[in-house]
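So the chains spell out like this:
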Amino acid sequence: MLSSVQHRPVCNMGARAVRLQSFSTFNQCGAVSSKSWLGERVGLLLSWLQKAGRGTNKLASEKKKKERLWSLFASHCSFVTGQRLRRAFQIGELYSNLYSERSRWTLVGSIWRRLQSKHAPTGKLMAALAGVFMWEDEKIRDDELRRCAWELQALEEVRSQNVTPKTAVHVDSGWEVVMEKKNFRVWRRPIEGSHLFEYRVFGSYTDVTPRQFFNVQLDTEYRKKWDALVIKLEVVDRDVNTGTEVVHWATHFPYPMYSRDYVYVRRYQVDMENNLMILVSRAVKHPSVPETQEFVRVHSYQSKMVIRPHRSFDENGFDYLLTYSDDPQTVFPRYCVSWMVSSGMPDFLEKLHTAALRAKNMDFGVHDYVSIAKPTQPTQERLGADSAHTRGSSQIYA
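Residues numbered from 1 in each chain as written. Predicted model: local features only at pLDDT ≥ 70, side-chain atom pairs only at ≥ 80, totals over all residues. Heavy atoms only, no water.

Caption draft 1: Inspection of the packing of aromatic side chains at higher detail. Per the counting criterion, the structure on display carries 15 aromatic pairs. Ring geometry for Y205 against Y320: centres 5.8 Å apart, planes inclined by 10°, an arrangement best described as stacked. In this pair, Y205 sits in strand β3 (residues 197-205) while Y320 sits in strand β10 (residues 318-326), placing the two residues 115 residues apart along the sequence. Residues Y205 and Y320 agree in their burial class; the two are buried. With centroids separated by 6.0 Å and ring planes inclined at 40°, the aromatic side chains of W226 and F348 adopt a geometry described as tilted. Here W226 is found in helix α8 (residues 220-226), whereas its partner F348 is found in helix α9 (residues 334-360), with 122 residues between them in sequence. When its relative accessible area of 13% is taken as the criterion, W226 is described as buried. Three or more aromatic residues link up through ring pairs in this structure, and these residues are W249, Y262, Y264, Y301 and Y324. In this structure, R223 is placed above the aromatic ring of W249, and the distance from its NZ or CZ to the ring centre is 4.8 Å. Between R260 and the ring centre of F253, over which it is positioned, the NZ or CZ distance is 5.0 Å. (Phe/Tyr/Trp six-rings, centres within 6.5 Å; stacked < 30°, edge-to-face > 60°. Helix = DSSP H or I, 4+ residues; strand = E, 2+ residues; numbered from the N terminus. Buried < 20%, exposed > 50% of the residue type's maximum accessible area, 1.4 Å probe, protein only. Lys NZ or Arg CZ within 6 Å of the ring centre and 35° of its normal.)

Caption draft 2: The confidence of the model for the protein chain, seen in detail. For the protein chain, mean pLDDT is 74; residues scoring 70 or higher make up 61% of the total. At the level of individual helices and strands, the protein chain shows its lowest average pLDDT in strand β13 (residues 390-391), which scores 36, and its highest in strand β5 (residues 245-251), which scores 95. Here residues 167-171 scores under 50 on pLDDT; set against residues more than four positions off or in separate chains, the count is eleven contacts. Here residues 374-398 scores under 50 on pLDDT; set against residues more than four positions off or in separate chains, the count is 64 contacts. (pLDDT = per-residue confidence, 0-100. Contact = heavy atoms within 4.5 Å.)

Caption draft 3: Layout of the side chain of R282. Looking at the secondary structure, you find R282 in strand β7 (residues 276-283). At 3.2 Å, the side chain of R282 forms a polar contact with the backbone oxygen of E138. A polar side-chain atom of R282 sits 3.3 Å from a polar atom in the side chain of E144. Leave out the neighbours within four places in its chain, and R282 touches E138, K139, I140, E144, Y264, V265, Y301 and Q302. (Polar contact = N/O pair within 3.5 Å; in protein donor to acceptor, adjacent residues only side chain to side chain.)

Caption draft 4: The arrangement of the nonpolar core in detail. Grouped together as the largest cluster of nonpolar side chains are 40 residues, with contacts concentrated most on V201, F213, F214, V216, I307 and Y320. The biggest single contributor to this core is α9, with six residues. For V216, the contacting residues outside a window of four places in its chain are Y222, W226, L352, A355, A356, A359 and V366. With 21 residues, the next largest nonpolar core counts C148, L155, I278 and L321 among its residues. (Core = buried A, V, L, I, M, F, W, Y, C linked by side-chain atoms within 4.5 Å.)

This is the structure in structure tokens:
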């Protein structure tokens with residue numbers, strides 16, 4: 001009995017020891033498993049950070065490579081551009097030594113025309129960026145001059161049928177008489193798509209020569225003396241091939257309006273064969289005369305004058321046909337603008353006539369544009385000819 005009783009505690013103690021040992025083993029296993037899970041997570045985090053660091057370093061290196069490539073490209077472009085500019089400057093010096101100034105401008109004009117014909121939009125863009133005036137686009141062409149002569153001829157043909165000029169102009173529809181005086185008549189017609197009018201004047205003078213009347217209109221220096229409204233009047237550009245000129249004209253307007261300025265291209269023709277003098281002007285944009293705050297720029301302007309001598313260019317007496325339109329950029333009603341133009345035109349013509357008389361009396365020296373005119377290409381079409389054949393040229397241009 002004693003031995004069995006004494007043996008139970010030993011057995012209980014052994015079982016308890018086993019349980020304690022198993023609990024300890026469980027705790028140790030749990031701790032090991034938690035440590036391994038944490039280590040695995042930390043390892044994943046460290047590997048991700050290492051990859052992110054390698055990616056950042058890779059992006060930084062790629063960015064540095066791109067920067068180096070762009071720097072090399074810019075240096076190369078700068079070198080090539082400098083070489084080409086130096087070469088162009090050397091070529092320019094060579095041509096300046098070989099050719100005269102007129103020949104150089106002729107060469108430059110031909111290069112621009114070639115660019116326009118092959119790459120018109122590109123040529124215009126380059127011209128605008130370089131500040132070059134595109135003569136090929138803006139010049140007054142031969143057909144515009146011929147059209148002016150035909151208008152006068154059509155009027156003369158109707159007059160030869162014993163029809164008065166008042167009725168004759170109505171053959172061209174839309175014209176209405178607004179003024180009749182001793183030396184001229186004025187008509188007008190509305191400009192399509194505008195609130196403005198186009199004006200036409202047919203007149204005659206018998207006390208001055210066509211040459212004097214023509215020269216007075218073209219001489220910019222003389223006009224500064226006889227036209228008190230002129231603020232500025234100067235030729236800013238000229239085409240050596242046709243004699244076409246670009247003129248900047250600033251003039252006073254009636255109070256309270258601001259002064260206006262015009263930039264226009266003009267070309268004239270003296271046709272010995274058909275006994276005509278023609279002057280055509282119209283507004284253009286020129287890079288050397290930008291708009292300023294000093295004047296209001298008139299962008300729409302056109303003037304066409306045809307002179308027919310009664311006998312010759314140096315004898316008194318001639319008829320003329322003037323067609324004129326412009327947009328003075330005013331806020332006044334239509335009838336006010338119409339009144340200003342219709343009343344201002346006779347005043348201008350009277351001042352022009354008086355200036356021609358003073359030039360005839362040698363009160364002022366006027367430049368003779370007819371004497372410096374040069375012959376044009378042959379085979380010009382004869383106006384009013386019954387046949388369509390051409391003859392040798394007797395036309396001269398400025």
